[in-house]
Structure formats: structure tokens, C-alpha cells
Amino acid sequence: SWLLAGFGEEIVYRGYLLNRISETFGGNRTATIIALILSSAIFAVGHKWQRPSSMLDVGFTGIYYGLIYLL
């Protein structure tokens, strides 16, 4: 279940949410950067059941995976 949950999270946060936020802000480079940061922050908040330091780790991991997705 962890594999499927992780895969599902990536599809939702990187594949869907990042693109929708970017489109909402105009779809340009600045909008994509804003979308990357916002989707990663939302991803981190979704893991608030973990320690606050883990939320930071998850947020930075979200940025990292988002950059990989965008590249």
C-alpha cells in the first residue's frame, strides 16, 4: 500500500496540482515556480501527522520531485 499511496501522491501533487496551479497563475515560468512552491507546501501540510521537521523534509522532497517532473 505504501508504494501505491506514494505513486498516487505523486500523480496528484506533481501531475495534476502543479499543472492546475501553474495554469491558474498564467502558465508562464513565474507561474510554474509559484506552482512548484505551493504544491510542495500543500504536500508538506498533508504530512503534518509527522514531526514538524519531517514536514520540512517532505516539502523539500516535493520541490525536488517537482523539479524532476518539470525537467
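Please read these numbers as outputs of a predicted model, since none were measured by experiment.

About the thresholds
- Residues numbered from 1 in each chain as written.
- Predicted model: local features only at pLDDT ≥ 70, side-chain atom pairs only at ≥ 80, totals over all residues.
- Heavy atoms only, no water.
- Phe/Tyr/Trp six-rings, centres within 6.5 Å; stacked < 30°, edge-to-face > 60°.
- Buried < 20%, exposed > 50% of the residue type's maximum accessible area, 1.4 Å probe, protein only.
- Lys NZ or Arg CZ within 6 Å of the ring centre and 35° of its normal.
- Axes fitted to C-alpha atoms, helices over the stretch in contact; angles between N-to-C directions.
- Helix = DSSP H or I, 4+ residues; strand = E, 2+ residues; numbered from the N terminus.
- Parallel < 35°, antiparallel > 145°, perpendicular 65-115°, else oblique.
- Left-handed = near helix turned anticlockwise from the far one by under 90°.
- Contact = heavy atoms within 4.5 Å.
- Nonpolar A, V, L, I, M, F, W, Y, C, P; charged D, E, K, R; others polar.

Quick word on the packing of aromatic side chains
Each aromatic ring pair is described using two quantities: the centre-to-centre distance and the angle formed by the ring planes. All told, the structure shown has 2 aromatic pairs when counted by the stated rule. Ring geometry for Tyr-64 versus Tyr-65: centroids 5.8 Å apart, planes at 50°, classification tilted. For Tyr-64, a relative accessible area of 51% translates into the label exposed. A cation over a ring is seen here: Arg-14 above Phe-43, with NZ or CZ 4.5 Å from the ring centre.

Here's the deal with the packing of helix H1 (residues 2-24) against helix H3 (residues 52-70)
Each pair of packed helices gets described by two things: the angle between the helix axes and the distance between those axes. Close contact between H1 and H3 brings their axes to 11 Å; oriented N to C, the two are set at 65°. When the axis of H1 is compared with that of H3, the two are roughly perpendicular. Relative to H3, H1 is oriented so that their crossing is right-handed. Contacts from Glu-10, Arg-14, Gly-15, Leu-18 and Asn-19 in H1 reach Gly-62, Tyr-65, Gly-66, Tyr-69 and Leu-70 in H3. Of the residues assigned to the contact of H1 with H3, the class counts are 4 nonpolar, 4 polar and 2 charged.

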